[in-house]
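Here's the letter readout for the chains.
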Amino acid sequence: ETGVTQTPRHLVMGMTNKKSLKCEQHLGHNAMYWYKQSAKKPLELMFVYSLEERVENNSVPSRFSPECPNSSHLFLHLHTLQPEDSALYLCASSQDLGNEQFFGPGTRLTVL
Amino acid sequence: TQLLEQSPQFLSIQEGENLTVYCNSSSVFSSLQWYRQEPGEGPVLLVTVVTGGEVKKLKRLTFQFGDARKDSSLHITAAQPGDTGLYLCAGDPNDYKLSFGAGTTVTVRA
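About the cut-offs
Residues numbered from 1 in each chain as written. Chains lettered and ligands numbered in written order. Predicted model: local features only at pLDDT ≥ 70, side-chain atom pairs only at ≥ 80, totals over all residues. Heavy atoms only, no water. Helix = DSSP H or I, 4+ residues; strand = E, 2+ residues; numbered from the N terminus. Rg over C-alpha atoms; globule rule 2.2 N^0.38 Å. Buried < 20%, exposed > 50% of the residue type's maximum accessible area, 1.4 Å probe, protein only. Contact = heavy atoms within 4.5 Å. Lys, Arg positive; Asp, Glu negative; His and termini not counted. Charge placed at Lys NZ, Arg CZ, Asp CG, Glu CD. Areas by Shrake-Rupley, 256 points an atom, 1.4 Å probe, with all protein chains shown as cover. Buried area = accessible area lost by both parts, 1.4 Å probe. Salt bridge = Lys/Arg side-chain N within 4 Å of Asp/Glu carboxyl O. Pairing = 2+ DSSP bridges. Core = buried A, V, L, I, M, F, W, Y, C linked by side-chain atoms within 4.5 Å.

### Some points on the overall build of chain A
Right, so step 1: The helix and strand tally for chain A stands at zero helices and eleven strands.
Right, so step 2: In chain A, the order of α-helices and β-strands from amino to carboxyl end is β-β-β-β-β-β-β-β-β-β-β.
Right, so step 3: Relative to the 2.2 N^0.38 estimate, which gives 13 Å for 112 residues, the radius of gyration of chain A is 13 Å and therefore close to what a compact globule would have.
Right, so step 4: Overall, chain A is about 35 × 30 × 30 Å in size when its C-alpha atoms are taken along their principal axes.
Right, so step 5: Here chain A, with 112 residues, has 47% of them falling under the buried criterion.
Right, so step 6: Across chain A, every contact between residues at least 6 apart in sequence was considered, and the portion connecting residues at least 24 apart equals 54%.
Right, so step 7: Side-chain charges in chain A split into 10 positive and 11 negative, and the spacing between the mean points of these groups amounts to 12 Å.

### A short note on the overall build of chain B
Right, so step 1: For chain B, the helix and strand inventory stands at zero helices and eleven strands.
Right, so step 2: Going from N to C terminus, chain B has its helices and strands arranged as β-β-β-β-β-β-β-β-β-β-β.
Right, so step 3: Relative to the compact-globule value of 13 Å for 110 residues, chain B shows a C-alpha radius of gyration of 13 Å, a close match.
Right, so step 4: When its C-alpha atoms are laid out on the principal axes, chain B stretches across 40 × 30 × 20 Å.
Right, so step 5: Within chain B, the proportion of its 110 residues that are buried is 45%.
Right, so step 6: Considering only contacts within chain B whose residues lie at least 6 apart along the sequence, 52% involve residues at least 24 apart.
Right, so step 7: For chain B, the accessible area works out to roughly 5100 Å², and carbon and sulfur atoms hold 49% of it.

### Comments concerning the interface of chain B and chain A
Right, so step 1: Contacts between chain B and chain A engage 19 residues on the former and 19 residues on the latter.
Right, so step 2: Here chain B meets chain A over a buried area of about 1600 Å², counting both sides, of which 57% is carbon and sulfur.
Right, so step 3: On inspection of chain B and its partner chain A, the count reaches one salt bridge.
Right, so step 4: R9(A) is the partner of E41(B) in a salt bridge, and the nearest nitrogen-oxygen pair spans 3.5 Å.

### Quick look at the side chain of T5(A)
Right, so step 1: The residue T5(A) is located in strand β1 (residues 4–7) in this model.
Right, so step 2: With residues up to four places along the chain from it excluded, the contact list for T5(A) reads K22(A), C23(A), E24(A), H26(A) and P105(A).

### What about the pairing of strand β8 (residues 71–76) of chain B?
Residues and elements named next belong to chain B.
Right, so step 1: With six bridges connecting them, strand β3 (residues 19–24) and β8 associate as antiparallel partners. Within the sheet, the bridge partner assigned to C23 lies in β8 and is S72.
Right, so step 2: Here strand β7 (residues 61–65) pairs with β8 via five bridges, running antiparallel. The partner of Q64 across the bridge, within β8, is S73.
Right, so step 3: Between the end of β7 and the start of β8, which pair antiparallel, lie five residues, with R69 showing a positive phi angle near 60°.

### Some thoughts on the nonpolar core
Right, so step 1: Counting residues in each nonpolar core, the largest one holds 22 residues, and the members touching the most others are W34(A), F64(A), L76(A) and L78(A).
Right, so step 2: Elements represented by at least two residues in this core include exactly β2 (10–13), β3 (18–25), β4 (31–37), β5 (44–50), β7 (64–70), β8 (73–79), β9 (87–94) and β11 (107–111) of chain A.
Right, so step 3: Excluding anything up to four places from it in sequence, F64(A) contacts M46(A), F47(A), L76(A), H77(A), L78(A), L81(A), D85(A) and Y89(A).
Right, so step 4: Core analysis: the next-biggest nonpolar cluster, separate from the first, contains 21 residues, V21(B), F29(B), L46(B) and C89(B) among them.

### Points about the environment of L81(A)
All names here are of chain A.
Right, so step 1: Here L81 shows up in the loop between β8 and β9.
Right, so step 2: Here the alpha-carbon distance between L81 and V111, two residues 30 residues apart in the chain, equals 6.9 Å.
Right, so step 3: Sequence-distant contacts of L81, defined by excluding residues within four places in its chain, comprise M13, M15, R63, F64, L109 and V111.

### Description of the pairing of β3(B)
Each regular strand shows side chains that alternate between the opposite faces of the sheet.
Residue and element names in this part refer to chain B.
Right, so step 1: Burial along β3 is one-sided: the face carrying L19, V21 and C23 is buried and the face carrying T20, Y22 and N24 is not.
Right, so step 2: By the bridge criterion, three bridges tie strand β1 (residues 5–7) to β3 in an arrangement that is antiparallel. Each bridged residue has a counterpart across the sheet, and for E5 the counterpart in β3 is N24.

Any link to function would need more than the numbers given here.
Below, the structure written as structure tokens:
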């Protein structure tokens, strides 16, 4: 595997479900990011981690909970989501904060 | 109000034609990046421009960074259907947080 991978690629969940999105980077990068991409809106930065420490929480509702157990893995835990949370969730990594970011293919999330 | 304004929002052209998309801001950026995103995929980095007035070429794609480092353009020569996608510009005005434009959706018809 190379680059940034995300699983699952597609996820459909009910509002009462709990699920997790996974991101893994094979680039030896130190920073990882979660973005939300909704239709006709710019990419929205959600969370930033550098060396496994969270450095940014961009006013994201608590129903989204990130976890970064090591510099290669990033999770986004989801619970009691709303239909408006349906979007493409993108993970990215960069060598360090402020460097070029490389994106994964995203998880297409649908909340029913 | 978005930090980066991209225009046009949509662009549909015939194969072989040229096109230019723009990325403008009132803020100064230390660098600007261009990405292309295809449906169902994540954005793929095309280029980073860092010096005011810089011009970079990537095959048929020409990227320019404005002298004042507030704007950038992407010009595609002799567009091909494979150039179809969402073109995003992104910049970091003062720290590590990339700000993205809303993108230009380019469709190249065969």
